[in-house]
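A look at the structure
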Amino acid sequence: MDNQDDPFDYNTIEIPTVVGLLRNILTQYPDNGQIIKELVQNAEDAGATVVEVLHDTRKVQSSEAHNDVQKFLKGPAVCLYNNATFTEDDWHGIRKLSDSIKKDDPLKVGQFGLGFKSVFHITDVVTIISGDKVLFMDPSEPEKKMCRILSLNKLMSICPLEDCLYLWSNYLSTQNINDGYFPSTLFWFPLRQSPSELSDTVYSYEHVIKLFESFGVEAAECLTFLKSLEKICLKRIIEDNKLPTITHDVQLNSPFMTEVQGKRKNFRQRLKECNGFPSQAITCCYDVTVKSVQENNTKQRVMRILHYLPGTNETASVTWRGKNSNRHMPLVGVAAPITTHGSPWSNGHIFCFLPLPLEFANNTNLPVQVNGFFALDQNRRHVNWKTEESSDEPEVLWNEELVSKVIVEAYFTLLCGVLEDLKSKSFHMETWYNLLPHINSSKGRWRELATALWSRLKSLPILYSEVKGCMMRPEDVVTDNSLNTWPQHVSSSVRDFLEAQGFPLASVPEPILTSLQSLG
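Right, let's walk through the structure included here. Each chain carries its own residue numbering, running from 1 in the written order of its sequence. In keeping with the model being predicted, local features are shown solely for residues with a pLDDT of at least 70 and side-chain atom pairs are shown and tallied solely at 80 or more, while totals for entire chains, interfaces and linings include all residues. To get the side-chain values, take all heavy atoms of the structure and skip hydrogens and water.

What follows concerns the side chain of Glu 218. Only DSSP runs of H or I with at least four residues qualify as helices, and only runs of E with at least two residues qualify as strands; both kinds are numbered from the N terminus onward. Take Glu 218: it is sitting in helix α6 (residues 205-219). To sort residues, take the accessible area from a 1.4 Å probe on protein chains only and compare it with the maximum for the residue type: under 20% means buried, over 50% means exposed, and anything in between is partly exposed. With a relative accessible area of 10%, Glu 218 lands in the buried category. Whether two residues are in contact is decided by their heavy atoms, any of which lying within 4.5 Å being enough. Setting aside its immediate chain neighbours within four residues, Glu 218 contacts Lys 37, Pro 355, Leu 356, Pro 357 and Leu 358.

Attention now goes to the pattern of salt bridges. A carboxyl oxygen of Asp or Glu within 4 Å of a side-chain nitrogen of Lys or Arg is what we treat as a salt bridge. Throughout the structure, instances matching the rule amount to 20 salt bridges. Between Glu 141 and Arg 148 there is a salt bridge; the shortest N-O distance is 3.3 Å. Relative accessible area serves as the criterion here: at 17%, Glu 141 is assigned to the buried category. Its salt-bridge partner being Arg 304, residue Asp 421 comes within 2.8 Å of it at the nearest N-O pair. In this pair, Asp 421 sits in helix α8 (residues 394-422) while Arg 304 sits in strand β10 (residues 297-309), placing the two residues 117 residues apart along the sequence.

It is worth spelling out helix α7 (residues 257-274) at this point. Compared with an ideal rise of 1.5 Å per residue, which puts 18 residues at 26 Å, α7 spans 26 Å between its outermost C-alpha atoms and is within 8% of the ideal. By the burial criterion, the buried members of α7 are Met 257, Val 260, Arg 264, Phe 267, Leu 271 and Cys 274. For α7, the angular spread of buried residues about the axis comes to 135°, placing them on one side. The outward face of α7, more than 90 degrees from its buried face, is lined by the exposed residues Thr 258, Lys 265, Lys 272 and Glu 273. Backbone geometry just after α7 places Asn 275 at a positive phi near 55°. The span one expects for a helix is its residue count, reduced by one, times 1.5 Å. The directions considered for the arc are those from the helix axis to the C-beta atoms.

This paragraph deals with the side chain of Thr 431. Tracing the backbone through its elements, the reader meets Thr 431 in helix α9 (residues 429-435). For Thr 431, a relative accessible area of 11% translates into the label buried.

Buried within helix α1 (residues 18-28) are the following residues: Val 19, Leu 22, Ile 25 and Leu 26. Looking straight down α1, one finds its buried side chains confined to an arc of 115°; they lie on one side.

A word on the environment of Val 332. Secondary-structure assignment places Val 332 in strand β11 (residues 332-342). In this structure Val 332 comes out as buried when scored by relative accessible area, which is 0%. Sequence separation between Val 332 and Phe 225 is 107 residues; the distance between their C-alpha atoms is 9.0 Å. The contact partners of Val 332, leaving out residues within four places of it in the chain, are Leu 306, His 307, Tyr 308, Asn 371, Gly 372, Leu 402, Val 406, Ile 407 and Ala 410.

This part covers the pairing of strand β2 (residues 74-82). Across the 9 residues that make up β2, a large majority, 8, are buried. Following DSSP output, two strands are said to pair if at least two bridges run between them. The pairing of strand β1 (residues 50-61) with β2 spans 8 bridges and is antiparallel. Residue Val 53 lies in a different strand from β2, and its bridge partner there is Leu 80.

Topologically, Arg 445 is positioned in helix α10 (residues 444-457). With 10 residues separating them in the primary sequence, Arg 445 and Ser 455 have C-alpha atoms 15 Å apart. Here a polar contact is taken to be a pair of N or O atoms separated by no more than 3.5 Å, where protein atoms must pair a possible hydrogen donor with a possible acceptor and residues adjacent in sequence count only if both atoms sit in side chains. A distance of 3.0 Å separates a polar atom in the side chain of Arg 445 from a polar atom in the side chain of Glu 400.

With 123 residues, the main nonpolar core has Val 40, Phe 116, Ile 128, Phe 189, Phe 374, Leu 415 and Trp 432 as its most contacted residues. Ranked by residues supplied to this core, first place goes to α8 with 14 residues. Remark: nonpolar core denotes a set of buried residues (Ala, Val, Leu, Ile, Met, Phe, Trp, Tyr, Cys) joined through side-chain atoms within 4.5 Å. Counting residues in hydrophobic clusters, the runner-up holds 28 residues, among them Ala 77, Tyr 81, Leu 152 and Leu 155.

Moving on, we come to the packing of α8 against α10. One way to put it is that α8 packs onto α10 with a least axis distance of 10 Å and a crossing angle of 40°. On the basis of the axis angle, α8 is oblique to α10. The element α8 and its partner α10 pack so that their crossing is right-handed. Residues Glu 400, Val 403, Ile 407, Val 408, Glu 409, Tyr 411, Phe 412 and Leu 415 of α8 lie in contact with α10, whose contacting residues are Arg 445, Trp 446, Leu 449, Ala 452, Leu 453, Arg 456 and Leu 457. Residue polarity is assigned by list, with Asp, Glu, Lys and Arg as charged and Ala, Val, Leu, Ile, Met, Phe, Trp, Tyr, Cys and Pro as nonpolar; anything else, Gly included, falls into the polar class. Split into classes, the residues belonging to the contact of α8 with α10 amount to 11 nonpolar, no polar and 4 charged. Axis definition: a line fitted to C-alpha atoms, limited for helices to the stretch in contact. Angles are taken between N-to-C directions and run from 0 to 180 degrees. By the definition adopted for this analysis, an angle is roughly parallel if under 35 degrees, roughly antiparallel if over 145, roughly perpendicular if from 65 to 115, and oblique otherwise. Put simply, a crossing is left-handed when the front helix is turned counterclockwise from the back one by less than a right angle, and right-handed when it is turned clockwise.

Set out below in structure tokens:
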């Protein structure tokens, strides 16, 4: 058919601008501490051990800098630092808008293509310094100029050294600039001072306070299931020539920290070697103190943390039933509190490496924290659980089986380790009993998990008999709980008689006894 005989008019599908796409992404990510959590997760994926988030309140403008970059080199701002460097994949992924460079890597959790873009809640432009490069990103620029990349050793050609050091001297040195290499990563986010194409939100001092407070609610928990990071610090600079003040500091420590670091490093290496799919289970278990200091509030607790990845040929293994099964690694974890000091901590929290928001839907009522490589909803705040409308979707089946098959196995493995340590008296019995789930306290999938766990525990020596001075199986002990309802002089006489006769009496906490009785 000749063109003149073609009855159609043709046109293209209209594609949103980059700014339009970013505005849409911002509706999916809340303007709260989740922004910092996304950056923390990216630092973890990069292998960093330290993250610092700095609120720089100073009003700064580098008027001597090149015209094209003056908008990047100003304050007030939020600065994020971590002690890892960008790879070429990272430099590529940071520029991806609607997808993530990490989506094909089962060992990476963060979404540099998506989650990182939540920073545009607070800024219109981004500066990144890492390794030997500097990136200036402005989505409102023409397409070819949205990302300007410069070698670090040329930074002084567009900005005076004094201005660079004034902005970033807490992290970047003259030696780094002269050498053309910064062995870390620095993000600089000038706060939005007026409504823009990207967002109508003006990010004031009060906004950053709320941002830090929002993150602070979960900050103490953030390091629990990470395998690289050891410290997260929030800071603020109020005046010129003043050092930053620490507003919140969270870190891991241990009398045997070198051993803990070795275990974590070895586990990461083993995950890399098998690409997340070992033939036999891989575990990593250690005790570590999590300490949180926030102004005048200090709290810490010793946690036993177990990372667990089942072997592909084992009954605890789970297989993704949708496309791209090689992207989904059934890695889980369980963290049990051993001792606690200071302000109360939350338990029963659900993690997808970082804690999900402290909401009822994200709590298990178990005495431990649980972690899983869960499939989350679009804004990464909730797990996609089974409902009447979504019973057979791959992500739903995956999540439910992570709980029923893998997390229950990890929890059982952790308890068996503690049970072994009880032989050397390294744990108090109260601590042991506090780690056991209460069947009647949990509901749904978590009650099923607790029931399945007790079905395996009941045949093990899990109860302590004061008379025999050892751990015994539930079927071999006589519990003295009923004596507590009798008059004291009667109960004491009966207890003395039974002990004299050598009966294996055991004082068992009521919830533990109730859980055993619920099994018949």
